[in-house]
Amino acid sequence: MSETPIFLDTGRPPVPDIVVPRGVTPFFMPGRPVRGRLLRLGPLADALLTRHENHDAVTRLAGKALALTAALATALKFKGTFSIQAKGDGPVNLLLADCTDQGTLRGYARADAEKLEQLLAGADAPTDADLLGHGYLAFTVDQGPETERHQGIVSIEGPSMNEMALHYFETSEQLQCTLHLACARTAAGWRAAGLILERIAIGGEANLAMTEAEQEESWRAATLLAATITDDELLDDALAPERLLYRLFHTEGVAVDRPRALAYGCRCSRAKLAGILEGFTPAELDEMSTGHDIVMTCEFCNFDFRFPRVDLRGQPDPAGLS
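Residues numbered from 1 in each chain as written. Predicted model: local features only at pLDDT ≥ 70, side-chain atom pairs only at ≥ 80, totals over all residues. Heavy atoms only, no water.

### What to know about empty space enclosed by the protein
Inference 1: Under the defined criterion, the tally for this structure stands at two cavities of 30 Å³ or more.
Inference 2: Leu48, Leu49, Arg51, His52, Asn54, Thr59, Ala62, Leu66, Gly107, Tyr108 and Ala109 are the residues that line the largest cavity.
Inference 3: Where the lining of the largest cavity is concerned, the elements lending two or more residues are helix 1 (43-49), helix 2 (56-73) and strand 5 (104-111).
Inference 4: Approximately 30 Å³ is the volume attributed to the second largest cavity.
Inference 5: Lining the second largest cavity are Ala65, Ile84, Ala86, Leu95, Leu96, Ala97, Leu137 and Met161. (1 Å grid on protein atoms, 1.4 Å probe; cavity = no way out; pocket = protein on both sides within 12 Å on 5 of 7 lines; lining within 4 Å. Points joined across faces, edges and corners; volume = space filled by probe spheres on them. Helix = DSSP H or I, 4+ residues; strand = E, 2+ residues; numbered from the N terminus.)

Take a look at the structure:
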């Protein structure tokens, strides 16, 4: 047992220390109203997704959520955390992924075993919508307690995570984009990836010298080319991002920007969880105790933290009962 006071104990669970230097490859089409990002989580996907022993269908859904979160977070200018949360009445009643401005990524999916068994009995390959059911999808930027959170919420619409995200863009952001997400178990382990294209507004950042009709045709051509990508290409570690982008868009012209790293990003620690526990009253802490300890589980890294009850004082009961 550590002799360090728990409020100073920054001990972390034994989780992987993984950085993917070229996790995000931004790109654009010179002189055309198109920009995008290619996401490859590589071995980071396997490290994140294997923290929980889920059915493959649930793991694939979680992997696509991680890829989508990284794809969107790395396009924003913020300091803090960007998250995607899906809550529904299906077997996967909670899906959560978040990414910091530094590119640290984490996520998990919580499934109801009984509902999942019933679904799989009638569907060998359930869709993302089958797994989530009816509910909502929330996109949130949290820059800390001193700033107001920015959040967009839409109903879950469409059979796949692709369509669900596009529904958000169409209804909340009025942004034209196309998206392809993929996640699968490969010979090298779980892999997750994504390709997102966005149309730049007329008169926008590139000062495009094109008519509106020419921009429309250029965007249409880019989306048609993007639609030819396969899951195998997205998830192939041996296929370099630049080579894949050239393969897709060389007829239109494509330029690659500076890549961004992605990393394993669970931020749990004993000190942080102890701070949460110290917010309860002694009576509430007693109720949480199992034997002589209180056990808190980090859902992201699936690790149990044990705190001796005697080390926790708690807050005075406002009713004066403790």
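### Overview of the pattern of salt bridges
Inference 1: Tallied over the full model, the rule gives 13 salt bridges.
Inference 2: Across the pair Arg32 and Glu252 runs a salt bridge whose closest N-O atoms are separated by 3.5 Å. A residue pair is termed long-range when its members are at least 10 positions apart, and Arg32 in the loop between strand 1 (19-28) and strand 2 (34-40) and Glu252 in the loop between helix 8 (241-249) and strand 10 (255-256) qualify at 220 residues.
Inference 3: On the accessibility criterion, Arg32 (26% relative accessible area) is partly exposed.
Inference 4: Via salt bridges that share partners, Arg35, Arg37 and Glu198 belong to a single interconnected network. (Salt bridge = Lys/Arg side-chain N within 4 Å of Asp/Glu carboxyl O. Buried < 20%, exposed > 50% of the residue type's maximum accessible area, 1.4 Å probe, protein only.)

### Focus on the state of the cysteines
Inference 1: Counting across every chain of the model gives zero disulfides.
Inference 2: With no disulfide of its own, Cys177 lies 18 Å from the sulfur of Cys99, the closest cysteine sulfur.
Inference 3: On the basis of relative accessibility, which here comes to 14%, the residue Cys177 falls in the buried class.
Inference 4: With no disulfide of its own, Cys183 lies closest to Cys99 among cysteine sulfurs, the gap being 16 Å. (Disulfide = S-S within 2.5 Å.)

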